[in-house]
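# Inside the fold
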There are 2 protein chains.
Amino acid sequence: MTADCRPSEARVPDATVARLATYLRVLGVLRERAVTTVSSEELATAAGVNSAKLRKDLSYLGSYGIRGVGYHVSTLTDEIARTLGITVHRSVALIGVGNLGQALAGYNGFASRGFEIAALLDADPARIGSMILGHVVRDIADLEEVVAEHGITIAVLATPASVAQDVTDRLVVAGVTSILNFAPVLLTVPSHVDVRKVDLAAELQILSFHETRKAAAALAEAQ
Amino acid sequence: MTADCRPSEARVPDATVARLATYLRVLGVLRERAVTTVSSEELATAAGVNSAKLRKDLSYLGSYGIRGVGYHVSTLTDEIARTLGITVHRSVALIGVGNLGQALAGYNGFASRGFEIAALLDADPARIGSMILGHVVRDIADLEEVVAEHGITIAVLATPASVAQDVTDRLVVAGVTSILNFAPVLLTVPSHVDVRKVDLAAELQILSFHETRKAAAALAEAQ
DNA sequence: TAGATTGTTAATCGATTAACAATC
DNA sequence: TAGATTGTTAATCGATTAACAATC
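Summarised in this report is the structure supplied together with it. All values reported here derive from a predicted model rather than from experimental measurement.

## Quick word on the nonpolar core
- Among the nonpolar cores identified, the biggest contains 96 residues, and Leu58(A), Ile80(A), Leu104(A), Leu204(A), Ile80(B), Leu104(B) and Leu204(B) are the most heavily contacted of them.
- Non-local contacts of Ile80(A), meaning those with residues more than four positions away in its chain, are made with Leu20(A), Tyr23(A), Leu24(A), Leu27(A), Leu58(A) and Leu61(A).
- With 22 residues, the next largest nonpolar core counts Ala118(A), Ala119(A), Ile152(A) and Ile179(A) among its residues.

## A word on the interface of chain A and chain B
- In this complex, chain A contributes 65 residues to the contact, which on the side of chain B involves 65 residues.
- Taken together, both faces of the contact between chain A and chain B bury some 5,600 Å²; the carbon and sulfur share is 63%.
- Among the ionic pairs, Lys214(B) bridges to Asp194(A), the shortest N-O distance being 2.9 Å.
- Our enumeration of links across chain A and chain B arrives at 30 residue pairs in polar contact (both at pLDDT 80 or more).
- If one sorts the elements of the side of chain A that touches chain B by residue count, helix α9 (residues 200-222) of chain A sits on top with 17 residues.
- Looking at side-chain class alone, the side of chain A that touches chain B contains 36 nonpolar, 17 polar and 12 charged residues.

## As for the pairing of strand β4 (residues 90-95) of chain A
Residue and element names in this part refer to chain A.
- Counting buried residues along β4, 6 of its 6 residues qualify, which places the element largely inside the surrounding structure.
- Of the two faces of β4, the one holding Arg90, Val92 and Leu94 and the one holding Ser91, Ala93 and Ile95 are both buried throughout.
- Relative to strand β5 (residues 115-122), β4 runs parallel, the two being bridged by 6 bridges. Paired with Val92 across the bridge in β5 is Ile117.
- Bridging between β4 and strand β8 (residues 154-157) involves 4 bridges; their strand directions are parallel. Within the sheet, the bridge partner assigned to Leu94 lies in β8 and is Val156.

The rules behind each value
Residues numbered from 1 in each chain as written. Chains lettered and ligands numbered in written order. Predicted model: local features only at pLDDT ≥ 70, side-chain atom pairs only at ≥ 80, totals over all residues. Heavy atoms only, no water. Core = buried A, V, L, I, M, F, W, Y, C linked by side-chain atoms within 4.5 Å. Buried < 20%, exposed > 50% of the residue type's maximum accessible area, 1.4 Å probe, protein only. Contact = heavy atoms within 4.5 Å. Buried area = accessible area lost by both parts, 1.4 Å probe. Salt bridge = Lys/Arg side-chain N within 4 Å of Asp/Glu carboxyl O. Polar contact = N/O pair within 3.5 Å; in protein donor to acceptor, adjacent residues only side chain to side chain. Helix = DSSP H or I, 4+ residues; strand = E, 2+ residues; numbered from the N terminus. Nonpolar A, V, L, I, M, F, W, Y, C, P; charged D, E, K, R; others polar. Pairing = 2+ DSSP bridges.

Now the structure itself:
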């Protein structure tokens, strides 16, 4: 594979990838406001980062800015979307349609930012067959079939922790290579599979740590 | 403020704080299984990290291990919980009881890991006054009153993006100093307030980036 | 040309990790 | 004592950021 026109092979640091999603969101807001050009300083401020960091991040994608001018909102949007791979259609399966799963199924942010929830799956007979926001809930027993049907490679896991690993093993065999995990367990997967974990209680615990630190500082101040 | 007995003032790196929450979860599982002692190697494996990193992390809390033996599960649990500040009761307000907010209100993981959802607030008259999982939904107009009533310092923000900043400004004035933000906007807050952001679509975009990279690698392989 | 802003360099900072002396 | 495992050191790695030459 030659890469003489596109620098897409150049390794993009993890920290940069995470921020690209933020830049893309801000660019979307700018486009809605009919803003056509933006400087690194403006975009960085809107995204909550340092402008040097933003320019460094964008430099991994190539050279799409114009010195003395800034970046074209539309060009930059396209390049970031392409780098993130959301210019191709991405079908996502959502496993576990409990409390959280239903909320995720109804979350408009997925569709508006490049993803289609193509299938809902659950193990509960009471839920299987019911309609949730335009989708029939399918039996988890049909997981392999559903994944093949929609060419799914990304799954969102919102099952109870107790079954998360079993479901993961089946997803991997079925061909899923990316998992967004909401179950509070460490998933074991082969090296070609990526897992990202969202741990809501952990987020609160991190905030709690800083609360303690602030309370101690306030005490020291007062004394 | 003197600190001759407790090293709690020693700065704990951000990356370490985030992992402490994970260690605490794993220790909870061990305690359920009546395991009393664990080595850094075992705990690290269960948490998905390198054992050197785990020992380094724990060393910021003090010296609670026993050479040649490992760590007492109960001692370590207590010390991490104390460091994270979840030995004191933490009342949390949840703002925005839409799709996601309702799911968060019903999430058992909060209570089991040290937090009480003490109040639900919303602006929608159709929701105000209704009961959700044992809580009456209060009017967002009463925000200041509710925060004071329960001594709330941590808020979970699950409102539409359009009102997130306004609500945040009121929360800050009311005395909230930590916010877990699910709205896809950058919140502006004074420096004494901590914000953590959960961006679900961004998580999928990060996975999508790696999908693209893997697809390119597979192509290069095949060719 | 003059002013503005990018893309890149290099210094700095923080996090990770292997290795091992300390010690249970 | 012998074996095991911690806590810490120091080397390495990756990310951040100020500064500025390149250039629109």
